[in-house]
Amino acid sequence: MSDIFFHITISHFLILAAVLFAIGMVGVLVRRNALIVMMSIEIMLTAGILTILAFARLHGDMGGHAFALVLIAIAAAEAAVGLAIIVAVFRSKRHVDLERLHHLRD
Amino acid sequence: MDATQPPIYLIILLPLLGAVVNLVVGRKLSRRFVSVVGVGSVAASLAVTVSIIAGPLWAQYTAAQAGEAASPWLQQTLYTWIETGDLRIELAFRLDTLSALMALIVTFVGFLIHVYSVGYMHDEPRYAAYFGYLNLFTASMLVLVLGENLPVMFIGWEAVGLCSYLLIGFWFEKEKNADAGRKAFVVNRIGDFAFILGMCLLFYATGTLSFADFQGPEAQRNLLEIFMWGEPVATWAGILLFIGACGKTAQIPLYVWLPDAMAGPTPVSAIIHGATMVTAGVYMVARMSYMYASSTTAMAIVAGIGAVTALFSAIIALAQSDLKKVLAYSTVSQLGFMVTAVGVGAYVAGIFHLLTHAFFKAGLFLCAGSIIHAMSGSGDIMKMGGLRKRLPLTHISFLAFCLAIAGIFPFSGFFSKDEILVGALTADADGWWMYYGEFLWLLLTLAAACTAFYIFRVYFLVFSGESRADAATQAHIHESPPLVTLPLLVLAACTAVLGFVGIPKLGFLQDIGVGNAISAWLDSSVRSGIVPMEITDGGKLRVMGLVLVVAISAVLTARALYARGVSPRLEAWTSRGPWARVHKVVSDKFYVDELYELIVLRPFRALARGLFVFVDRFVIDTVFVAGPAKVVDLVGAAVRKVQNGQVQRYLAAILVGSAAIFFLASRPAISFEHEQVEPYEVTFEAMVDAGPASVDAEIEWDFLGDGEADATGPEVSHRFSRSGEHEVTMRFRDGVFGRWRSVSRTIEVAAQEESQGAGARDRGAERGSRQ
Amino acid sequence: MIPRSGYSAIAALCGAVLVFFLAPGAAAAAESGPPAPPPGAPEGALGNTAAVALLFWVLALATVAGAVFVITRRNMVAGVMGLVFTFFAVAVLYAMLYAHFLAVLQVLVYAGAIMVLFVFVIMILNKPEDEPWALTGLVGKAIAGLALLYFLMRLGGVLWGVREKPAASGAELSPGGTIQSGDFGSLAEVGRVLFSDYVFAFEAIALILLSAVVGAITIARPGSGSSSQDADEGAAVGDGERAPDA
């Protein structure tokens, strides 16, 4: 049993990433503020990168690092566009409350 | 394509180009230019036809006559039109003696009628369209005639039907004319459907549709040896193709469209519904003579229908009062003669009559056009009379045509009709009823008598006696312009002399070197399946003499009855007493149209109405159109609530859905099968459907029920120490989740040799459990 | 009086310190030779030193705590600080996985650039939440939460099984033998794979970033797009409150 604590394996990283992802998911699900939701999404993306790097380590394959780089770039792009959308929404609605933003319904 | 080959395609291409020019840009061109294009293209086509026939084909023909070459024919393959599976259809044209004669008729008569049309249609507002259609018709007819195989012929077959439709309904402003066009089209469609079926059947039987191949021994053998419903396939194919011919050639029962087709302009009646298109059926039967030769049954049907049609429509023609209607029924009757001829295997006689008929019937129609023109558009012969002096040129030519159609020596109709009568009289084949040929001959002779009577009835009513027209019409009567009369005179001259290309084969004439030119010309292209009975010169002369006497007496009767208008005695005879009723039936065309209305159209309309109400309104509109819309509407109303615009709830739904997929995907279906191979020895096979989880999966077997693994692997065999029931458990650990799952079953192990075949039987339901 | 978000800023700073002190140590500890796994130790262990284990657990705790902090804060600035803290900790985890370059990139891009962006937007919005929790559709969200839990449990089982696989030998960094353990994750190696095998992905990054820049400018520029909706639910706002041009 103590092995779980003292012998850190790739599994530890993977499970940590899963937990991070889940926390991010909960954030996305329950928060009303679009900004916090964006942050939660960033957490989820980070968890994804962590998983990729862990597997890269497991398989000794540097391709994972290349994809982690791609993911970081995508995260940056996503943050930029997402925040721009939030700003635009805020300008027209004066709020960024997801509960009240239900234009997808129409 | 051989460069030295004569350009057969030009014969078709030139009128087609004329049609394209006239139809596409004709409206913007001057009338003069349209006329030049319209007439010129056909004239050029005629010139090409003549030069090819007189050049290469004649050379081959003379060589064949001298015994140096095989049968004369030229072929030109443009390209492969359809190639799929065994079916290979070339777009090819074939010019042999038969199609050369037909092409010559089409282009020459067509040319004369184009010239006539220039004069006749000079006031027509849609002048260019008219010439475009006429050119298109000429091109289509040439495709029909020159096609090397049935599908190419069928292109022309359909295209002439289209042109016929367009030209019958040319003055579509009148409802009646448009209806007539539609009737022609629909009736022809019935025949065309049978034609297509016939083609399919032929392809099924012989694997080819090319005329050249039908002449080959292989196709001949197939046609004779493949049987369907007790008859060789040639019979069925022949009948189907002949139904198509019935439509086009206006034979019973599909002739009803032709009298109505007189609604079109008169030159159209002349070329399409007199001279060329309606003879397509006769031509087709002659073209397929190699197939019809394989079936005397089909030929008997063809001949019988032809003869009955000939007499039937000749009788109807006796009592018609409209000039063009008489000519229309006359055409049906004469076509009946031709069909009988090809039916009894007298192909040369049939084609010969086709040739002479093309001239005199075109001439009759053109004269009728000239007369109707003079009579201010009325075709009622009861209102005519005394036109001999007023229309001298028309009168002369009309008389020539009448003599020809009545079969008076030495006009062309005499020779060709006589050939047909001799052919019918001498025809006999295996399986035919006794005296069938003689019966046909009798029908045709009666029809010939009727022919002579009705045509001279028309002649005397129109040209002799006093004019019965009203004053206004009388004042307007005038001879037609030269562009109209010139073609008439040319046709009349041809009619007068054309008969001599087919001088009967009489011993004493052949002795002095006078042969039957047309027979020699056509013999290589047709093959008769019927060997005519021997007939002596005297017999032939007696047939000739008989029909001549009959015709002359019919003419004299007509003269007696109609020379000064309808004689009072006849008037009394047809208006009172028992004969009045007969006259009424005949003049009302035996009520065939009404009969069709009753037995075909009414039920059809009822069916259509029923289909409309049930299938269209209910099944399609309600069930298939409104129904799905309603269902979608209802489902949408229910599902719309789900779409509330809250992205977070969408995400929650996605999460739940993917969890469900994950759950289902991670439950592999496991089971096993077993088979007893020897006493006590049973093999087991694991059946696992675990998807990706099968990788690195483990399978354990427990045969003893003690919880210990006795074997591993998907396929194992185990030796049981004793017979009886054993509980066997298979355990499976999937490669992804690493979880164990097990399934167990009680099997019965048989010890005895004899139970080996039965194998181990299942006992009880399979029990699955998960750990 | 330190504002509330100040604490989180301090916490984030602690994260930064953590990175600067621990990352080299983590790398060193992980690289301290390819120690043969002790007999009986599960394969795939990153090292058998207690230091590595301690480092991992501290970082794991830090990341999880930071992430939970992010999603529970009412104050957005505090949330961002928590996020920075998380990212720093994750960067160290990257380093433990021999991804030194990615660790640096994480700090630069995430904890640096993206966070600055967030802070800017928070400044623009500058509006506290009335009610932070989205409480509508609770049943659906509860089911979703259960689904998430189920996912985590099953996934945990799978991921825990990863180390049991024979291929999961942590000591063998390079099964193919082309990469020496010292090179793995280095800037040079990342550059090599990025410009050889994955050059297309690299070009794709360029395109994605370009389109993101164009898109962000187009969307966020005032007066573009939904100007007609300005009065929608709009409290009357003066021009002074409007966002400066992006």
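Every chain is numbered on its own, with residues counted from 1 as its sequence reads. By the order in which they are written, chains take letters starting at A while ligands take numbers starting at 1. Only residues with pLDDT of at least 70 are given local features in this predicted model, and only at 80 or more are side-chain atom pairs given and counted; all residues enter the totals for whole chains, interfaces and linings. Note that the side-chain values use all heavy atoms of the structure and ignore hydrogens as well as water.

Points about the sheet that holds strand β6 (residues 681-689) of chain B
All names here are of chain B.
Consideration 1: Being paired, for any two strands, means DSSP has found at least two bridges between them. Going along the chain from the N terminus, every DSSP run of H or I of four or more residues is numbered as a helix, and every run of E of two or more is numbered as a strand. Spatially, the three strands line up as an open sheet ordered β5-β6-β9, and their pairing is antiparallel. In this open sheet, the two edge strands, each paired with only one partner strand, are β5 (669-678) and β9 (715-719). Taking the axes of each pair of neighbouring strands and ignoring which way they run, one obtains an average angle of 25° across the sheet.
Consideration 2: Judged from the five bridges that link them, β6 and β9 form a sheet pairing that is antiparallel. Bridged to E685 within β9 is E715. Fitted lines through C-alpha atoms give the axes, limited to the stretch in contact for helices. The angle between two N-to-C directions lies from 0 to 180 degrees.

Points about a positive patch on the surface
Consideration 1: Taken together, the side chains of B:R388, B:K389, B:R559 and B:R564 define a basic patch exposed on the protein surface.
Consideration 2: You can see B:R564 is positioned in the loop between α24 (537-562) and α25 (568-575). Without a salt bridge and with relative accessible area above 30%, a residue can belong to a patch; like charges are then joined within 9 Å and nonpolar side chains (Val, Leu, Ile, Met, Phe, Trp, Tyr) within 5 Å. Note on areas: these come from Shrake-Rupley sampling with a 1.4 Å probe, and a residue is covered only by the protein chains present in the view. The rule for a salt bridge is simple: a side-chain nitrogen of Lys or Arg has to be within 4 Å of a carboxyl oxygen of Asp or Glu. Counted as positive: Lys and Arg. Counted as negative: Asp and Glu. His and the chain ends are not counted at all. Note on charges: their place is set at NZ of Lys, CZ of Arg, CG of Asp or CD of Glu.

Some points on the pattern of salt bridges
Consideration 1: Evaluation of the coordinates by the stated rule reveals 19 salt bridges over all chains.
Consideration 2: The salt bridge involving B:R94 is made with B:D96; its shortest N-O contact spans 3.1 Å.
Consideration 3: Each residue is placed in one exposure class: buried if its accessible area under a 1.4 Å probe, protein chains only, is under 20% of its type's maximum, exposed if it is over 50%, and partly exposed if it falls in between. Judged by relative accessible area, B:R94 falls into the buried class, the value being 2%.
Consideration 4: Among the ionic pairs, B:R189 bridges to B:E158, the shortest N-O distance being 2.6 Å. Residue B:R189 is found in helix α6 (residues 175-206), and its partner B:E158 is found in helix α5 (residues 150-168); the two are separated by 31 residues along the sequence.
Consideration 5: Here the salt bridges share partners, and the residues they tie into one network are A:R32, A:D97 and A:R100.

Here's the deal with unusual backbone geometry
Consideration 1: That bond from B:I252 to B:P253 is cis: its omega, 5°, falls within 30 degrees of zero.
Consideration 2: Mapped onto the fold, B:P253 is located in the loop between α9 (233-249) and α10 (257-260).
Consideration 3: In the segment running from B:F409 into B:P410, the intervening peptide bond is cis, with an omega of 5°.
Consideration 4: If you trace the backbone, B:P410 turns up in the loop between α17 (392-406) and α18 (412-426).
Consideration 5: At C:Y98, a position not held by glycine, the phi torsion is positive, near 70°.
Consideration 6: Inspection of the secondary structure assignment puts C:Y98 in the loop between α3 (76-96) and α4 (100-125).
Consideration 7: Given a relative accessible area of 7%, C:Y98 falls into the buried group.

Brief notes about the side chain of B:T138
Consideration 1: Among the structural elements, B:T138 can be located in helix α4 (residues 127-146).
Consideration 2: The criterion used for residue contact is that any of the two residues' heavy atoms lie within 4.5 Å. Discounting chain neighbours no more than four positions away, the residues touching B:T138 are B:P15, B:V42, B:V106 and B:H114.

Considerations on the pairing of strand β2 (residues 87-96) of chain B
Consideration 1: When you tally the buried positions in β2(B), you get eight out of 10 residues, the bulk of the element.
Consideration 2: The antiparallel pairing of strand β1 (residues 73-84) of chain B with β2(B) creates a hairpin that spans two residues between the two strands, and B:G85 there sits at a positive phi of about 60°.

Observations regarding the interface of chain C and chain A
Consideration 1: Taken together, the contact between chain C and chain A spans 103 residues of the former and 78 residues of the latter.
Consideration 2: It is C:I71, C:L97 and C:F118 in chain C that bury the most area against chain A; as a group they hold 8% of the surface buried on that side.
Consideration 3: At the junction of chain C and chain A, the tally comes to one salt bridge.
Consideration 4: Across the salt bridge formed by A:E99 and C:K141, the nearest N and O atoms sit 4.0 Å from each other.
Consideration 5: Distance and chemistry together define a polar contact, namely a pair of N or O atoms within 3.5 Å, with one atom able to donate a hydrogen and the other to accept it when in protein, and with adjacent residues in sequence counting only for side-chain atoms on both sides. Along the contact surface separating chain C from chain A lie three residue pairs in polar contact (both at pLDDT 80 or more).
Consideration 6: Of all elements in the fold, only α2 (50-72), α3, α4, α5 (138-162), α6 (187-195) and α7 (199-220) of chain C reach the threshold of two or more residues within the side of chain C that touches chain A.
Consideration 7: No other element matches the 13 residues that α4(C) contributes to the side of chain C that touches chain A.
Consideration 8: When its residues are assigned to classes, the side of chain C that touches chain A shows 71 nonpolar, 18 polar and 14 charged. Throughout, the accessible surface (probe 1.4 Å) given up by two parts as they are put together, summed over both, is called the buried area. Amino acid classes used here: Ala, Val, Leu, Ile, Met, Phe, Trp, Tyr, Cys and Pro are nonpolar; Asp, Glu, Lys and Arg are charged; the rest, including Gly, are polar.

Concerning the environment of B:W73
All names here are of chain B.
Consideration 1: The residue W73 is located in strand β1 in this model.
Consideration 2: Residues W73 and Q60, 13 residues apart in the sequence, show an inter-C-alpha distance of 7.4 Å.
Consideration 3: Apart from residues lying up to four places away in sequence, W73 is in contact with L57, Q60, R94, L95 and D96.

Examining the interface of chain C and chain B
How big an interface is tends to be stated in terms of the accessible area lost upon association of its parts.
Consideration 1: In this complex, chain C contributes 14 residues to the contact, which on the side of chain B involves 13 residues.
Consideration 2: Among the residues of chain C in contact with chain B, C:Y150, C:F151 and C:R154 are the three that bury the most area, contributing 41% of the side total.
Consideration 3: Across the contact surface, chain C and chain B share zero residue pairs in polar contact (both at pLDDT 80 or more).
Consideration 4: Among the residues making up the side of chain C that touches chain B, the classes are represented as nine nonpolar, three polar and two charged.

Digging into the packing of aromatic side chains
All names here are of chain B.
Consideration 1: When two rings of Phe, Tyr or Trp (its six-membered ring) have centres within 6.5 Å they constitute a pair, described as stacked for plane angles under 30 degrees, edge-to-face for angles over 60, and tilted for the intermediate range. Following the criterion strictly, the structure yields 43 aromatic pairs over all chains and no others.
Consideration 2: Each ring, one from F108 and one from F359, has its centre 5.8 Å from the other, and the planes form 40°; the classification is tilted. One end of the pair, F108, is in helix α3 (residues 97-120); the other, F359, is in helix α16 (residues 347-374), and 251 residues separate them in sequence.
Consideration 3: Of the residues examined, F359 reaches a relative accessible area of 6% and is grouped as buried.
Consideration 4: Here the aromatic rings of F672 and F684 are separated by 5.9 Å at their centres, their planes lie at 65°, and the arrangement is edge-to-face. In this pair, F672 sits in strand β5 while F684 sits in strand β6, placing the two residues 12 residues apart along the sequence. Of the two residues, F672 and F684, both sit in the buried class.
Consideration 5: One aromatic cluster in this structure is built from Y127, Y130, F131, Y133, F170 and W171.
Consideration 6: One cation-aromatic arrangement involves R189 over F185; the distance from NZ or CZ to the ring centre is 4.6 Å. Only when the NZ atom of a Lys or the CZ atom of an Arg is both within 6 Å of the ring centre and within 35 degrees of the ring normal do we say a charge sits over the ring.

A closer look at the packing of α2(C) against α3(C)
Residue and element names in this part refer to chain C.
Consideration 1: Relative orientation of the contacting elements α2 and α3 amounts to 155°, with a least axis distance of 8 Å. On the basis of their axis angle, the class for α2 and α3 is roughly antiparallel. Crossing handedness for the pair α2 and α3: left-handed. The residues of α3 that touch α2, namely those facing V52, L55, F56, L59, A62, T63, G66, A67, F69 and V70, are A78, G79, G82, L83, F85, T86, A89, V90, V92, L93 and M96.
Consideration 2: Its residues placed into classes, the contact of α2 with α3 shows 16 nonpolar, five polar and no charged. Relative orientations are named as follows: roughly parallel for angles under 35 degrees, roughly antiparallel for angles over 145 degrees, roughly perpendicular for angles from 65 to 115 degrees, and oblique for any other angle. Less than a right angle of anticlockwise turn of the near helix away from the far helix marks a crossing as left-handed, whereas a clockwise turn marks it as right-handed.

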